Amino acid sequence: GRCVEEEWLASDDRANALRTLVQSYADLECGFHIGCMLRACAKHGSLVSVFLEKGLLTNVVEIAASAPFDIASDAFATLTSFLTEHKAITAEWLIKNPQFF
């Protein structure tokens, strides 16, 4: 079954929660905590789909490229989680969005 957090975050109304986390990621005060929360979300395929479909991957790539080293390296770990936890979902998204790379 689905966990409560997964159901709550997977709905279109709740995609804003993921967006809010990503927008706050570069903040040195809470960036590491946000990274942990995002990597926990990456364990759920439906949340990976929301993350990819809402374009949040691009935001995390930008953070990884421009944030201070500590946050940037954490963002790379988060990218790895979102791109590898559910390979079939990621592969399908990459096929539909080849322009990303």
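What you see is a predicted model; the values in this text were computed from it and never measured.

With that settled, the discussion passes to the side chain of threonine 90. On the secondary structure map, threonine 90 appears in helix H7 (residues 87-96). For threonine 90, a relative accessible area of 4% gives the class buried. If near-sequence neighbours (up to four positions away) are discounted, threonine 90 is found in contact with Val48, Leu52, Phe82 and Leu83.

Counted under the stated rule, the structure contains 2 salt bridges. Two residues, arginine 39 and aspartate 74, come together in a salt bridge whose shortest N-O distance is 3.1 Å. Linking arginine 39 in helix H3 (residues 31-41) with aspartate 74 in helix H6 (residues 69-84), this pair joins segments that are 35 residues apart in sequence. Exposure class is identical for arginine 39 and aspartate 74. Each is buried. Glutamate 92 is the partner of lysine 96 in a salt bridge, and the nearest nitrogen-oxygen pair spans 3.2 Å. Residue lysine 96 and its partner glutamate 92 are located together in helix H7, separated by 4 residues, close to a single helical turn. The exposure class of lysine 96 is exposed, given its relative accessible area of 55%. On the accessibility criterion, glutamate 92 (48% relative accessible area) is partly exposed.

What follows concerns the nonpolar core. Judged by nonpolar contacts, the single largest core of 25 residues is most densely connected at Val22, Tyr25, Leu38, Phe51, Val60, Ile63 and Phe82. Looking at this core, the elements that each hand over two or more residues are helix H2 (15-23), H3, helix H4 (45-53), helix H5 (56-66) and H6. Those residues in contact with isoleucine 63 that sit more than four places away from it in its chain are Val22, Tyr25, Ala26, Ile71, Ala72 and Ala75.

Across all of its chains, the model carries 1 aromatic pair by this definition. Aromatic pair phenylalanine 51 and phenylalanine 82: ring centres 3.7 Å apart, planes at 15 degrees, arrangement stacked. Taken as a pair, phenylalanine 51 in helix H4 and phenylalanine 82 in helix H6 lie far apart in primary sequence, 31 residues in all.

Glancing now at the packing of H4 against H7. Interhelical geometry of H4 versus H7 gives an angle of 20 degrees and a closest axis separation of 9 Å. Compared by their axis directions, H4 and H7 come out roughly parallel. Seen from above, H4 lies across H7 with right-handed handedness. Taking contact as the criterion, the partners of Gly45, Val48, Ser49, Leu52 and Glu53 in H4 are, on H7, Ile89, Thr90 and Trp93. Of the residues belonging to the contact of H4 with H7, the class tally is 4 nonpolar, 3 polar and 1 charged.

Cut-offs and rules
- Residues numbered from 1 in each chain as written.
- Predicted model: local features only at pLDDT ≥ 70, side-chain atom pairs only at ≥ 80, totals over all residues.
- Heavy atoms only, no water.
- Helix = DSSP H or I, 4+ residues; strand = E, 2+ residues; numbered from the N terminus.
- Buried < 20%, exposed > 50% of the residue type's maximum accessible area, 1.4 Å probe, protein only.
- Contact = heavy atoms within 4.5 Å.
- Salt bridge = Lys/Arg side-chain N within 4 Å of Asp/Glu carboxyl O.
- Core = buried A, V, L, I, M, F, W, Y, C linked by side-chain atoms within 4.5 Å.
- Phe/Tyr/Trp six-rings, centres within 6.5 Å; stacked < 30°, edge-to-face > 60°.
- Axes fitted to C-alpha atoms, helices over the stretch in contact; angles between N-to-C directions.
- Parallel < 35°, antiparallel > 145°, perpendicular 65-115°, else oblique.
- Left-handed = near helix turned anticlockwise from the far one by under 90°.
- Nonpolar A, V, L, I, M, F, W, Y, C, P; charged D, E, K, R; others polar.

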